[in-house]
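What follows is the residue order along each chain.
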Amino acid sequence: MALTDQTYDVIVVGGGHAGSEAAAAASRMGARTLLITMQLQAIGQMSCNPAIGGIGKGQIAREIDALGGIMGLATDASGLQFRMLNQRKGPAVWSPRAQCDRMMYAAAVREQLEKIPDLWMRADMVTDLLIESGRVAGVVTQLGQEIRAGAVILTSGTFMNGLIHVGKKQFGGGRMGERPSTGLTATLLDLGFESGRLKTGTPPRIDGRSMDYSKLEEQPGDPKASPFSFMTDALPKAQRSCWLTYTNTEVHDLLREGFDDSPMFAGRIKGRGPRYCPSIEDKIDRFADKDRHQIFLEPEGWTTEEVYVNGFSTSLPEDVQYKALRKVAGLENVHLLRPGYAIEYDYFPPFQVRYSLETKLVNNLFFAGQINGTTGYEEAAAQGLIAGINAVQRLRNSDPLILKRSEAYIGVLIDDLVAKGTEEPYRMFTSRAEHRILLRQDNADQRLTERGYELGLASKERVERMQRKREAISRTRAAIEGTAVTPSAVNAYLQKVGTSDISNPERIAKIALRPEVSLPDLLQFVDRYDEMVTPADGVEDVSSLVEIELKYEGYLAREADMVSRMEKLESMPIPPTVDFQNLGNITLEAREKLSKIQPSNLGQASRISGVSPADISVLMVLLKRHPESQSA
């Protein structure tokens, strides 16, 4: 039965982080949008760790915010603790992270969505797709309704044929206590898509009242916390601490006793798990020489004593989990609220989507999130945002938003997925971005806000705020470069930080180049801070941003040069009519990979695993001779 009075421009299937961003983006760009999810109260839910950000992930969250997404605002509204990670290293890898109140975060996402006039929601399960002449035309729900739309975005998370494992027990579910989504995998396979199985896991939850805090190491938040959203003026001063403890050899021995009943070691779990977030049983098996592993005890909210046991993800039997936890320092009398578990689910290897995240087999059908093989809220939200934008662009016959690797971590993420694929849950790290000095968390707004504004996502207020920040940096830098200080004014500070004195007046900008010197501290010491630093909304200290520019100017120039050279490859299009299988001068592996992924330019082709520099050189020559390349 068709709901004839309900036709939409875009339907988003799934209400997690990918689905929320996709629905928000599409509707705010003017598309009449329907978000279909099995439980409305689960929209924006943090299924695993109640935290946003981290190494590489914090940069993505800032980029989502810069483009006009909702993740940063929801994080600031629900944060329990804020930290900037990696501050002992260079600013290229500084990464913000926030511990959140799980229920407040979901409520903040729901609130953001309900503020959008032409975004509608429906509680139902999508079991089939309507396909007409090679393009998606809508969905069919479990209740038998046919709902039509110009574009559909699938953001199914871990729900597609989800199977939960705890020891020898297994049962269907997309999350503990929630049923799996069924039907869509079969539909997609019938359409010619390839699927696979992946696995992820979550640790036990415990009652904080049963923890012995005297045996734990406190992990407080930063005294001067940084918001995730550029539009947040200030964060609440109150923060909750996390706590650190460690496993030990007795814990490891107890866990090993349960290996015979482990679904991972017994072979009941077929899907590949995340390499960089292994289960505790995987860690003690792979790293048998380690006699302890860190466990972070993280509060789940302001008004609950529930605690997330980060670092103890497991699918071992519940009694084994319980006994092992009680051998951990500080958890000797712990009360288990919920055991950890593993979950297997269907995904569709991402070589089947274009850089716009539209599928190659079905026009106007988009995949975003864990359906593409990623893990993590931030990676999912980024894909949802891009899919929502590009679904609307597709309906408008406009060019899709495709971010380059030199523009954003989001560009790195999607390029890695499409060009390299993944056979295990993909997680972002700063090490994946070759241009990370250009893609810092502090300049995400300067890189992307204007792009978001052009698309109709970022507000005029956000753009004007970013422009004032840019002007404040420029004025502050000019003041610092044009001002000198005398030896008597500055030598005491230089001695204090362990660097050599100056013998003649010297420009502040030159002194700031020294590794030991902090520009904000130097300006405060010589009593010139208020005179020289132009304040800007949303920026705690403009002089710290100027310091990064000054100290890393040479690196930034080299990176910009590398980007320029790479863009020459990116600008050489590969016509869709090129038959890679008949290019006899490149290797067989290259022909197979290029035919499978169908890159749209030479830069994308160069990053495909199995395509060598020699293959690219041959391909470049062949493209110059190709009639469509010459006409382009």
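Look up a bit, the structure's there.
Residues numbered from 1 in each chain as written. Predicted model: local features only at pLDDT ≥ 70, side-chain atom pairs only at ≥ 80, totals over all residues. Heavy atoms only, no water.

Visitor: Mind laying out unusual backbone geometry, listing which residues take part and the relevant values?
Guide: In this model, Asn364 sits at a positive phi of 70°, which is unusual for a non-glycine residue. Within the element layout of this structure, Asn364 appears in the loop between strand 19 (341-347) and strand 20 (365-367). Positive phi outside glycine occurs at Gln598, with the angle close to 55°. Positionally, Gln598 belongs in the loop between helix 19 (588-597) and helix 20 (602-606). (Helix = DSSP H or I, 4+ residues; strand = E, 2+ residues; numbered from the N terminus.)

Visitor: Residue-level account of the pattern of salt bridges, with values.
Guide: Oppositely charged side chains are able to pair whenever their charged atoms sit close together. Inspection of the entire model under this criterion finds 37 salt bridges. Notably, a salt bridge pairs Glu379 with Lys57, separated by 2.9 Å at the nearest N-O pair. Of this pair, Glu379 sits in helix 9 (residues 377-395) while Lys57 sits in helix 2 (residues 57-67), placing them 322 residues apart in sequence. Assessed through its relative accessible area of 8%, Lys57 is described here as buried. Where Glu132 meets Arg148, a salt bridge forms, and the shortest distance between an N and an O atom there is 2.7 Å. Taken together, the residues span a long stretch of sequence, with Glu132 in strand 7 (residues 126-132) and Arg148 in strand 9 (residues 146-154) at a distance of 16 residues. A relative accessible area of 37% places Glu132 in the partly exposed class. The partly exposed category is assigned to Arg148, whose relative accessible area is 34%. (Salt bridge = Lys/Arg side-chain N within 4 Å of Asp/Glu carboxyl O. Buried < 20%, exposed > 50% of the residue type's maximum accessible area, 1.4 Å probe, protein only.)

Visitor: Hey, could you go over the state of the cysteines for me, with residue numbers and the actual values?
Guide: Applying the stated criterion across every chain yields a total of zero disulfides. Between Cys100, a free cysteine, and Cys242, which holds the nearest cysteine sulfur, the sulfur-to-sulfur gap is 11 Å. (Disulfide = S-S within 2.5 Å.)

Visitor: Let's hear about the pairing of strand 19: which residues, and what values?
Guide: For strand 19, the buried fraction is high: seven of the seven residues fall into the buried class. As defined by bridge partners, strand 10 (residues 163-166) adjoins strand 19 across three bridges and the pair is classed as antiparallel. If you follow Leu163 over to strand 19, its bridge partner there is Glu344. With seven bridges connecting them, strand 12 (residues 196-202) and strand 19 associate as antiparallel partners. Pairing of Thr202 across the sheet is with Tyr341, part of strand 19. (Pairing = 2+ DSSP bridges.)

Visitor: Break down the packing of aromatic side chains for me, with residues and values.
Guide: Enumeration according to the criterion identifies six aromatic pairs in this entry. Aromatic pair Tyr213 and Trp243: ring centres 4.9 Å apart, planes at 70°, arrangement edge-to-face. Of this pair, Tyr213 sits in the loop between strand 13 (205-207) and strand 14 (217-219) while Trp243 sits in strand 15 (residues 242-246), placing them 30 residues apart in sequence. Looking at Tyr213, the relative accessible area reads 30%, which means it is partly exposed. Ring centres of Tyr493 and Phe525 lie 5.6 Å apart, and the angle between their planes is 45°; this geometry places the pair in the tilted category. Taken as a pair, Tyr493 in helix 13 (residues 487-496) and Phe525 in helix 15 (residues 519-525) lie far apart in primary sequence, 32 residues in all. Phe525 gets classed as partly exposed once you look at its relative accessible area, which sits at 38%. Taking the ring centre of Phe230 as reference, the NZ or CZ of Arg465 above it sits at 5.7 Å. (Phe/Tyr/Trp six-rings, centres within 6.5 Å; stacked < 30°, edge-to-face > 60°. Lys NZ or Arg CZ within 6 Å of the ring centre and 35° of its normal.)

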